[in-house]
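Each chain, written out:
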Amino acid sequence: MGLGSVLVTGGFGGLGGAVVTAFAESGWRVVVPERKTRPGSEPAAAGLVRVVADLGEPAGAAQAVEAAAGEPAAPLRAVVNLVGGYASGGLVHETPVEEFERMLAVNLRPTYLVTQAALPHLVASGGGAVVCVSARAAVAPFRGAAGYSTAKAAVLAFANAVAVEYRSQNVRCNTVLPSVIDTPANRAAQPDADHSRWVTPAEIAPVIRFLASADSAPTSGATVPVYGRA
């Protein structure tokens, strides 16, 4: 039996390219949704299937999952939820509720919808793995990011709920918590930081691949810090 298919949301983001490449190089069929077609933007990886879908809507999430589960020779075995976003702001009393709720919509809604759509396929195929990306801010908040911290804590709580609900059906769910990921966008936002202490996408990707693979079969409900030296 081959490794099967993995659905990687956020596969064109700062972390996504490394994750997609890690799975493709290991022999997975990798399905990557995008909101709209962007020629030339795909990661340098073979075995990549692109599908246009809005993961913020139930129909879009279902469409992406159907594409990932639609190859009988490579059944859907794993879902990696990378979609998310960060926005800083003021203190809680200075932050409009719309900005607070936007962080929930960006970070929690796609993770919920994609996982919800994928679970019946994972159960039907005999089991599989879901990997979610939270953040260190979920367990160690910092000033000016109450919405982000709350949203990432919600992702962590949701992942733990999935782990409990689907354990008996051989579906595992684990979460990684990065600190600051060393991406061009983060370097531009924090030019004076010590970038050598940040965790790189290439360091996180193998951890995610491990949690999605049979090598981590006994592990579900884990919260894995990937902080680097930050």
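Remember, it's a predicted structure, so these values are computed and weren't measured experimentally.

1. Some words on the overall build of the protein chain
- Tallying secondary structure elements over the protein chain gives 7 helices and 7 strands in all.
- Along its sequence from the N terminus, the protein chain presents helices and strands in the succession β-α-β-β-α-β-α-α-β-α-β-α-α-β.
- For 230 residues, the compact-globule estimate of 2.2 N^0.38 gives 17 Å, and the protein chain sits close to it at 17 Å.
- Its C-alpha atoms give the protein chain principal-axis dimensions of roughly 50 × 35 × 35 Å.
- Looking at the 230 residues of the protein chain, the share that counts as buried comes to 44%.
- Pairs at least 24 residues apart make up 67% of the contacts formed inside the protein chain by residues separated by at least 6 positions.
- Working note: accessible area of the protein chain is about 10,700 Å², and carbon and sulfur atoms make up 56% of it.
- Distance from the positive charge centre (17 side chains) to the negative charge centre (17 side chains) of the protein chain: 4 Å.

2. Some words on the environment of Asn81
- With respect to the secondary-structure elements, Asn81 resides in strand E4 (residues 76–81).
- On the basis of relative accessible area, Asn81 is assigned to the buried category, the value being 1%.
- Sequence separation between Asn81 and Val114 is 33 residues; the distance between their C-alpha atoms is 7.9 Å.
- Excluding residues that lie within four positions of it along the chain, Asn81 makes contacts with Thr9, Pro110, Thr111, Val114, Thr115, Val130, Val131, Cys132 and Val133.
- At 3.0 Å, the side chain of Asn81 forms a polar contact with the side chain of Thr115.

3. With respect to the layout of surface pockets
- Its boundaries defined by the atoms lining it, the largest pocket holds a volume of some 1,300 Å³.
- Lining the largest pocket are 46 residues, with Leu82, Val83, Gly84, Gly85 and Tyr86 sitting closest to its centre.
- When contributions to the lining of the largest pocket are tallied by element, the ones reaching two or more residues are strand E2 (29–34), helix H3 (97–107), helix H5 (146–165) and helix H6 (184–189).
- Residue contributions to the lining of the largest pocket peak at 5 residues, all from H3.
- Classifying every residue of the lining of the largest pocket by side-chain character gives 24 nonpolar, 14 polar and 8 charged.

4. Concerning the pattern of salt bridges
- Considering all chains together, one arrives at 4 salt bridges under this definition.
- Between Arg35 and Asp54 there is a salt bridge, with its nearest N and O atoms 3.3 Å apart. Of this pair, Arg35 sits in the loop between E2 and strand E3 (48–52) while Asp54 sits in the loop between E3 and helix H2 (58–69), placing them 19 residues apart in sequence.
- Under the relative-accessibility criterion, Asp54 is labelled partly exposed at 28%.
- In this structure, the salt-bridge partner of Arg109 is Glu57, at a minimum N-O distance of 3.7 Å. In this pair, Arg109 is assigned in helix H4 (residues 109–124) and Glu57 in the loop between E3 and H2, connecting sequence segments 52 residues apart.
- Residue class for Arg109 comes out partly exposed when judged on its relative accessible area of 38%.

5. Observations regarding the pairing of strand E5 (residues 128–133)
- Within E5, 6 of the 6 residues are buried, leaving the element largely enclosed by the surrounding structure.
- Where E4 and E5 come together, 4 bridges link them in parallel fashion. In the strand pairing of E5, Val80 is matched with Val131.
- As defined by bridge partners, E5 adjoins strand E6 (residues 171–178) across 6 bridges and the pair is classed as parallel. Bridge pairing in E6 links Val133 to Val176.
- Note that the unit made of E5, H5 and E6 has a crossover that is right-handed.

6. Concerning the packing of H3 against H4
- Running from N to C, H3 and H4 cross one another at 30 degrees; their axes reach a closest spacing of 3 Å. With respect to their mutual orientation, H3 and H4 come out roughly parallel. Across the interface between the two elements, Leu104, Ala105, Val106 and Asn107 of H3 pack against Arg109, Pro110 and Thr111 of H4.
- Residues belonging to the contact of H3 with H4 are distributed by class as follows: 4 nonpolar, 2 polar and 1 charged.

7. Overview of the sheet that holds strand E7 (residues 223–226)
- Within the open sheet, the 7 strands sit side by side as E3-E2-E1-E4-E5-E6-E7. Their pairing is parallel. A strand with exactly one partner marks an edge of an open sheet, and here the two such strands are E3 and E7. Neighbour to neighbour, the strand axes of the sheet diverge by 20 degrees on average, direction disregarded.
- Inspection of the sheet shows strand E1 (residues 5–9) paired to E4 by 5 bridges, in the parallel sense.

The rules we used
Residues numbered from 1 in each chain as written. Predicted model: local features only at pLDDT ≥ 70, side-chain atom pairs only at ≥ 80, totals over all residues. Heavy atoms only, no water. Helix = DSSP H or I, 4+ residues; strand = E, 2+ residues; numbered from the N terminus. Rg over C-alpha atoms; globule rule 2.2 N^0.38 Å. Buried < 20%, exposed > 50% of the residue type's maximum accessible area, 1.4 Å probe, protein only. Contact = heavy atoms within 4.5 Å. Areas by Shrake-Rupley, 256 points an atom, 1.4 Å probe, with all protein chains shown as cover. Lys, Arg positive; Asp, Glu negative; His and termini not counted. Charge placed at Lys NZ, Arg CZ, Asp CG, Glu CD. Polar contact = N/O pair within 3.5 Å; in protein donor to acceptor, adjacent residues only side chain to side chain. 1 Å grid on protein atoms, 1.4 Å probe; cavity = no way out; pocket = protein on both sides within 12 Å on 5 of 7 lines; lining within 4 Å. Points joined across faces, edges and corners; volume = space filled by probe spheres on them. Nonpolar A, V, L, I, M, F, W, Y, C, P; charged D, E, K, R; others polar. Salt bridge = Lys/Arg side-chain N within 4 Å of Asp/Glu carboxyl O. Pairing = 2+ DSSP bridges. Right-handed = clockwise from strand over helix to strand, strands pointing away. Axes fitted to C-alpha atoms, helices over the stretch in contact; angles between N-to-C directions. Parallel < 35°, antiparallel > 145°, perpendicular 65-115°, else oblique.

Function cannot be read off these values alone, since they describe shape.
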